[in-house]
Amino acid sequence: MRYLVREKLFTIGDDYWIEDDRGHKAFLVDGKVLRLRHTFELKDAGGRVVAVVKEKAFTVRDAMKIENADGDVVATVREKLFTPFRDKYLVELAGGGELKIHGNLIDKDYRIENDRGDDLARISRKWFRIRDTYGVEVADGADAGLLLAVAACVDHLTEED
């Protein structure tokens with residue numbers, strides 16, 4: 001499934017919908033503008049909170065945490081210590097393991113893969129001709145909410161660099 005995501009969603013401050021490739025509303029981005037740190041909730045079409053994304057304050061390396069609806073951290077997106085230019089971030093899963101991010105982050109042409117090297121998501125702005133948007137293609141059976149939240153974190157962290 002492909003989703004259409006607005007770039008720089010943390011600078012917008014407004015709520016907006018992430019649509020699927022058929023134009024249906026799939027996830028609501030509920031921006032929390034009156035917070036000291038960048039925060040948003042990702043809700044499914046029925047209004048259920050799927051993920052809460054928060055920028056971590058006072059960290060040596062840039063990082064953002066992704067929580068579930070109960071407030072438990074499920075993943076942390078952080079800058080790697082030593083990296084080649086293109087593979088700058090990784091996702092540490094609370095349950096153990098990592099997701100790797102490979103590709104060109106600046107031009108929004110990268111993929112997210114699991115420990116076994118399976119592609120879970122591909123991110124590209126080439127699929128859509130709409131300005132300030134990019135596509136997230138999620139593999140069958142993968143957690144779309146988590147992967148959309150990871151893509152939003154990478155977008156924000158890359159923009160801050």
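Read on for a plain summary of the structure. Residue numbers restart at each chain and count upward from 1, following the sequence in its written direction. Where local features are concerned, this predicted model is filtered to residues with pLDDT of at least 70; where side-chain atom pairs are given and counted, the filter is 80 or more; whole-chain, interface and lining totals use all residues. Based on all heavy atoms of the structure, the side-chain values leave hydrogens and waters out of the count.

**Observations concerning the packing of aromatic side chains**
- In this scheme Phe, Tyr and Trp rings, the latter by its six-membered ring, pair at centre separations within 6.5 Å, and the angle between planes marks the pair as stacked below 30 degrees, edge-to-face above 60, and tilted otherwise. Within this structure, the stated rule accounts for one aromatic pair.
- With a centroid separation of 5.7 Å and an interplanar angle of 65 degrees, the aromatic rings of Tyr-3 and Phe-27 are classed as edge-to-face. Taken together, the positions of Tyr-3 in strand E1 (residues 2-6) and Phe-27 in strand E3 (residues 25-31) put the pair 24 residues apart, joining distant regions of the chain. You'll find Tyr-3 and Phe-27 in the same group, each marked buried.
- Whether a charge lies above a ring is judged from NZ of Lys or CZ of Arg, which has to be within 6 Å of the ring centre and within 35 degrees of the ring normal. Note that Lys-108 overlies the ring of Tyr-134, its terminal NZ or CZ placed 5.7 Å from the centroid. Helix numbering and strand numbering both begin at the N terminus, where a helix is a DSSP run of H or I of at least 4 residues and a strand a DSSP run of E of at least 2. When accessible area is computed with a 1.4 Å probe and restricted to protein chains, residues below 20% of their type maximum are described as buried, those above 50% as exposed, and intermediate ones as partly exposed.

**Description of the nonpolar core**
- Residues grouped as a nonpolar core are buried Ala, Val, Leu, Ile, Met, Phe, Trp, Tyr and Cys residues, joined through side-chain atoms within 4.5 Å. Residues Ile-18, Ile-66, Ile-101, Ile-112, Val-136 and Val-150 are the most contacted members of the largest nonpolar core, which totals 39 residues.
- No other element matches the 11 residues that helix H2 (residues 144-160) contributes to this core.
- The contact criterion used throughout is that any non-hydrogen atoms of two residues lie within 4.5 Å. When residues no more than four places from it in sequence are discounted, the contact partners of Ile-112 are Leu-99, Lys-100, Ile-101, Asp-118, Asp-119, Leu-120, Ala-121, Ile-123, Leu-147 and Val-150.

**Observations concerning the side chain of Ser-124**
- Summarising the element assignment, Ser-124 is placed in strand E11 (residues 119-124).
- For Ser-124, a relative accessible area of 2% corresponds to the buried category.
- A polar side-chain atom of Ser-124 sits 3.0 Å from the main-chain amide nitrogen of Lys-126.
- Dropping the residues within four chain positions of it, Ser-124 is found in contact with Lys-108, Asp-109, Tyr-134 and Gly-135. Whenever two N or O atoms come within 3.5 Å, that pair is a polar contact, provided that in protein one can donate a hydrogen and the other can accept it, and provided that, for residues adjacent in sequence, both atoms are side-chain atoms.

**A closer look at unusual backbone geometry**
- Here the phi dihedral of Lys-108 falls at roughly 55 degrees; this positive angle occurs in a residue that is not glycine.
- Here Lys-108 falls in the buried class, since its relative accessible area comes to 5%.

**Here's the deal with the sheet that holds strand E7 (residues 73-79)**
- If you walk around this closed barrel you meet the 12 strands as E1-E2-E3-E4-E5-E6-E7-E8-E9-E10-E11-E12, and the pairing is antiparallel. The average undirected angle you get between the axes of adjacent strands in this sheet is 20 degrees.
- Of the pairings in the sheet, the one linking strand E10 (residues 109-113) to E11 comprises five bridges and is antiparallel in character. Paired with Ile-112 across the two strands is Ala-121, which belongs to E11. Paired strands, as defined in this entry, are two strands with at least two bridges between them according to DSSP. Angles shown run from 0 to 180 degrees and are taken between the N-to-C directions of axes, each axis being a line fitted to C-alpha atoms and, for helices, limited to the stretch in contact.

**Brief notes about the environment of Val-136**
- Within the secondary structure layout, Val-136 lies in strand E12 (residues 133-138).
- Since its relative accessible area comes to 0%, Val-136 is described here as buried.
- The spacing of Val-136 and Leu-148 is 12 residues in sequence and 7.1 Å in space, taken between C-alpha atoms.

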